[in-house]
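Here are the chains, one letter per residue:
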Amino acid sequence: MILVTTPTGNTGSMILQQLVERGQQVRIFVRDPEKIPADILEKVEVATGSLLNESEFIEALQGCDTLYFCVPQSNTQEDVNAYYESFANMASNAIKNAGTQRVVYLSRGGKESNLQAGLITALHKGEDIINQSGASVRTLRCPVFFETLLYQMASLKKRGMFFLPIDGNYKMPQVAVKDIASKAAEFLINKTWTGVEGYAIHGPEDISYNDIAIQLSELTGKPIRFQQVSNKDYITTLLEKHYTSEAFAVSLTEMLTAIGNGLYDSEQRTDRTKTIIKDWMRENVVDKIK
């Protein structure tokens, strides 16, 4: 049986759906089962509880040989490193005590870059902790998600612009969440792999934000422009418009700065997925900003 954590999250929900569609035995570990679609809920086992409660986590893992683990998203933590480390430590202890054989952990790429990368550095620290759990581990090292564009919807619709503290001409790997979910599901279903490895998942091409603006302009028939902003202005926007904690705003900005400074440049492309960003935008963005 496979235990899926964060089954209501962007990636976890897609992984859950794919596993159910493939007829897998799945248990979800969730605070509120009512957030799971009814047609999915009737096909899975449910364990309720918190990822920060070790006894509840261990109980949820009983009878499960494989775990999908993801640290829940939050933009209000006061200490970003401590936030990720606390979840990773709890998971590692639960994995040891439950005797879980295999773990798929959602992380980000660039681990060997030695760049200070804010949120991504925190994810990498979590990876090191999970790797000491005694289980076989496949860490999914992903680049920028296509879905980060969705956080810019209000500005895209109102002003025809989107903003980040990255050079608009810098080309970087990006990937669709559904493709990450597909690879995660493959690892979760496969019962033969062993050892501890990082696995890089990238989209089919490196692409810049100016490239994205051009493609989005073509798709919508309206002018779309990307604008690079300063780190200071970006942090201010996060604090005043998205009501994040200062620690999160600084850490996210550090992450984006590291990406723009080549965080992913030296990473070997283990896998290139199929979804191109133009098709993804046609399906997920165009109708929302026309």
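Described in the following lines is the structure provided in the data block. (Residues numbered from 1 in each chain as written. Predicted model: local features only at pLDDT ≥ 70, side-chain atom pairs only at ≥ 80, totals over all residues. Heavy atoms only, no water.)

1. Focus on the side chain of Lys183
Working step 1: Structurally, Lys183 is set in helix α7 (residues 177–189).
Working step 2: On the basis of relative accessible area, Lys183 is assigned to the buried category, the value being 13%.
Working step 3: A polar contact of 3.0 Å, which involves the side chain of Lys183, links it to the side chain of Glu186. (Helix = DSSP H or I, 4+ residues; strand = E, 2+ residues; numbered from the N terminus. Buried < 20%, exposed > 50% of the residue type's maximum accessible area, 1.4 Å probe, protein only. Polar contact = N/O pair within 3.5 Å; in protein donor to acceptor, adjacent residues only side chain to side chain.)

2. Quick word on helix α10 (residues 246–260)
Working step 1: When the terminal C-alpha atoms of α10 are compared, their 21 Å separation across 15 residues agrees well with the 21 Å that a helix rising 1.5 Å per residue should span.
Working step 2: Buried within α10 are the following residues: Phe248, Ala249, Ser251, Leu252, Thr253, Met255, Leu256, Ala258 and Ile259.
Working step 3: With its phi angle positive at about 100 degrees, Gly262 sits one or two positions after the end of α10. (Expected span 1.5 Å × (residues − 1).)

3. Considerations on a positive patch on the surface
Working step 1: Judged by side-chain charge, Lys158, Arg159, Arg225 and Lys241 come together as a positively charged surface patch.
Working step 2: Note on placement: Lys241 falls in helix α9 (residues 231–241). (Patch = residues over 30% accessible without salt bridge, like charges linked within 9 Å, V, L, I, M, F, W, Y side chains within 5 Å. Areas by Shrake-Rupley, 256 points an atom, 1.4 Å probe, with all protein chains shown as cover. Salt bridge = Lys/Arg side-chain N within 4 Å of Asp/Glu carboxyl O. Lys, Arg positive; Asp, Glu negative; His and termini not counted. Charge placed at Lys NZ, Arg CZ, Asp CG, Glu CD.)

4. Let's talk about the packing of helix α8 (residues 209–220) against helix α11 (residues 277–284)
When two helices pack together, their arrangement is given by the angle between the helix axes and the distance between those axes.
Working step 1: Running from N to C, α8 and α11 point in directions that differ by 50 degrees, and their axes come no closer than 10 Å. By the angle between their directions, the pair α8 and α11 is classed as oblique. Crossing hand, α8 versus α11: right-handed. Contact residues: Ile212, Gln215, Leu216, Glu218 and Leu219 in α8; Ile277, Lys278, Met281 and Arg282 in α11.
Working step 2: Partitioned by chemical class, the residues of the contact of α8 with α11 number five nonpolar, one polar and three charged. (Axes fitted to C-alpha atoms, helices over the stretch in contact; angles between N-to-C directions. Parallel < 35°, antiparallel > 145°, perpendicular 65-115°, else oblique. Left-handed = near helix turned anticlockwise from the far one by under 90°. Contact = heavy atoms within 4.5 Å. Nonpolar A, V, L, I, M, F, W, Y, C, P; charged D, E, K, R; others polar.)

5. Description of the sheet that holds strand β7 (residues 144–145)
Working step 1: Overall, mixed pairing links the three strands, which are arranged β7-β9-β11 in an open sheet. Edge positions in the sheet fall to β7 and β11 (206–207), since each has one partner strand and no second.
Working step 2: Alignment of β7 against strand β9 (residues 172–175), held across two bridges, turns out to be parallel. Paired with Val144 across the two strands is Gln174, which belongs to β9. (Pairing = 2+ DSSP bridges.)

6. Quick notes on α7
Working step 1: Helix length check: α7 (13 residues) gives 18 Å between terminal C-alpha atoms against 18 Å at 1.5 Å per residue, within 8%.
Working step 2: Along α7, the residues that are buried comprise Val177, Asp179, Ile180, Ala181, Lys183, Ala184, Ala185, Phe187 and Leu188.

7. Observations regarding the pairing of strand β5 (residues 102–108)
Working step 1: Counting buried positions along β5 yields seven of seven residues, so the element is predominantly enclosed.
Working step 2: Both faces of β5 are covered, namely the face carrying Arg102, Val104, Leu106 and Arg108 and the face carrying Val103, Tyr105 and Ser107.
Working step 3: In terms of strand pairing, strand β4 (residues 66–69) meets β5 through four bridges, oriented parallel. Considered in β5, the bridge of Phe69 is made with Tyr105.
Working step 4: Handedness of the β4-helix α4 (residues 80–98)-β5 crossover: right-handed.
Working step 5: The pairing of β5 with strand β6 (residues 136–142) spans seven bridges and is classified as parallel. Opposite Ser107, over in β6, you have Arg141 as the bridge partner. (Right-handed = clockwise from strand over helix to strand, strands pointing away.)

Everything listed is a geometric property; what it means functionally is a separate question.
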